[in-house]
Amino acid sequence: MALKPTTITTGNVRLSYVHLTRPFAREGQEPRYSVTILLPKSDVATKQRIDAAIEAAIQEGVSKVWNGVRPPQIKTPIYDGDGVRPNGEQFGPECKGHWVFTASSRDPVDIVDLNLNQIINPTEIYSGMFAKVCVNFFAFNRNGNRGIGAGLGPVQKVADGEPLGGRAPTAEEAFGAAQVTQPTSPAYPGYSPTPTGQPPAYPGYPPAPAEQPPVYPSYPTPTYPPQAYPRQPAAPVQIDPITGKPLQGGIMGL
């Protein structure tokens, strides 16, 4: 699908002030994903496409933003890197020989490599790398300021470059190649590792004695006098009423 007249894709440009992996905001501003694009002045074809896209954005602004009137003074986002910034300061040396402009977006943008694979490692995205950038130019009217802004679209990294403004080293750059063997514990004077399973020995304290079973005092076994039980009275002798003789388990009358 063809791009809109207000949208272009640059040739190879260098990126500065890269905020592509997380949004950035100056004090009092809305956080945005943004990048400053350094377009070599030798890339005349891209500059012509940018000029045409800005003119298309102006025509769109007249009909949709500025109530049918073309402002006499229209601010554009393109600056000459061999000149000065809007605040009067000189551009950095990396801007010499380039057209300079900044594009931004509220939403994250795709960042891909030459094979259109998403770049996941944030260390591969930095100020100083070379890329192609899709940019959409649009008209705005904010508090009486009327002009053309640059919206940021997908970014394709095409080559590495000398980092601008410094870059934190990777872990491999800082510590070298990965070690094959596991590092040993550092040796400290007067320190010896405690054998596995043994409690540490502290100077000035005797080792704790082995745990002994508790000793309980012995108590004498109480003795009791024999219990005197009263004798049961003898059973009365039964008399056979017929014979008058003692009944010895027999049958009465015999």
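Residues numbered from 1 in each chain as written. Predicted model: local features only at pLDDT ≥ 70, side-chain atom pairs only at ≥ 80, totals over all residues. Heavy atoms only, no water.

Chemist: Just to check I follow, could you spell out unusual backbone geometry for this structure?
Modeler: With the exception of glycine, the majority of residues adopt a negative phi angle, and the majority of peptide bonds are in the trans configuration. Non-glycine residue Asn 67 carries a positive phi angle of around 55°. Looking at the element boundaries, Asn 67 is found in the loop between helix 1 (44–64) and strand 4 (79–80). In this structure Asn 67 comes out as exposed when scored by relative accessible area, which is 74%. The residue Asn 143 is not glycine, and still its phi comes out positive at about 55°. Positionally, Asn 143 belongs in the loop between strand 7 (130–142) and strand 8 (145–159). (Helix = DSSP H or I, 4+ residues; strand = E, 2+ residues; numbered from the N terminus. Buried < 20%, exposed > 50% of the residue type's maximum accessible area, 1.4 Å probe, protein only.)

Chemist: How should I be thinking about the packing of aromatic side chains in this particular structure?
Modeler: Geometry of an aromatic ring pair is reported as the spacing of the ring centres plus the angle between the planes. A complete count under the given rule lists one aromatic pair for this structure. Taking the ring centre of Trp 99 as reference, the NZ or CZ of Lys 41 above it sits at 5.1 Å. Between Lys 47 and the ring centre of Trp 99, over which it is positioned, the NZ or CZ distance is 4.5 Å. (Phe/Tyr/Trp six-rings, centres within 6.5 Å; stacked < 30°, edge-to-face > 60°. Lys NZ or Arg CZ within 6 Å of the ring centre and 35° of its normal.)

Chemist: What's the story with the confidence of the model for the chain in this structure? I'm lost.
Modeler: Atomic detail in the predicted coordinates should be set aside for any region of low pLDDT. Scored by pLDDT, the chain comes out at a mean of 83, with 68% of its residues at no less than 70. Residue range residues 250–254 is modelled with pLDDT below 50. Its contacts to residues more than four positions away, or to other chains, number ten contacts. (pLDDT = per-residue confidence, 0-100. Contact = heavy atoms within 4.5 Å.)

Chemist: Would you explain the environment of Thr 7 in this entry?
Modeler: Looking at the element boundaries, Thr 7 is found in strand 1 (residues 7–9). Residue Thr 7 is classed as buried on the basis of its relative accessible area of 13%. Between the alpha carbons of Thr 7 and Phe 137 there is a distance of 6.2 Å; along the sequence they are 130 residues apart. The residues contacting Thr 7, other than those within four sequence positions of it, are Ala 53, Cys 134, Val 135 and Asn 136. Reaching out from Thr 7, the side chain makes a polar contact with the side chain of Asn 136 at a distance of 2.9 Å. (Polar contact = N/O pair within 3.5 Å; in protein donor to acceptor, adjacent residues only side chain to side chain.)

Chemist: Hey, could you run me through helix 1 in this one?
Modeler: Along its 21 residues, helix 1 runs 30 Å from first to last C-alpha, staying within 8% of the 30 Å computed at 1.5 Å per residue. Turning to helix 1, its buried residues are Thr 46, Lys 47, Ile 50, Ala 53, Ile 54, Ala 57, Ile 58, Gly 61 and Val 62. (Expected span 1.5 Å × (residues − 1).)

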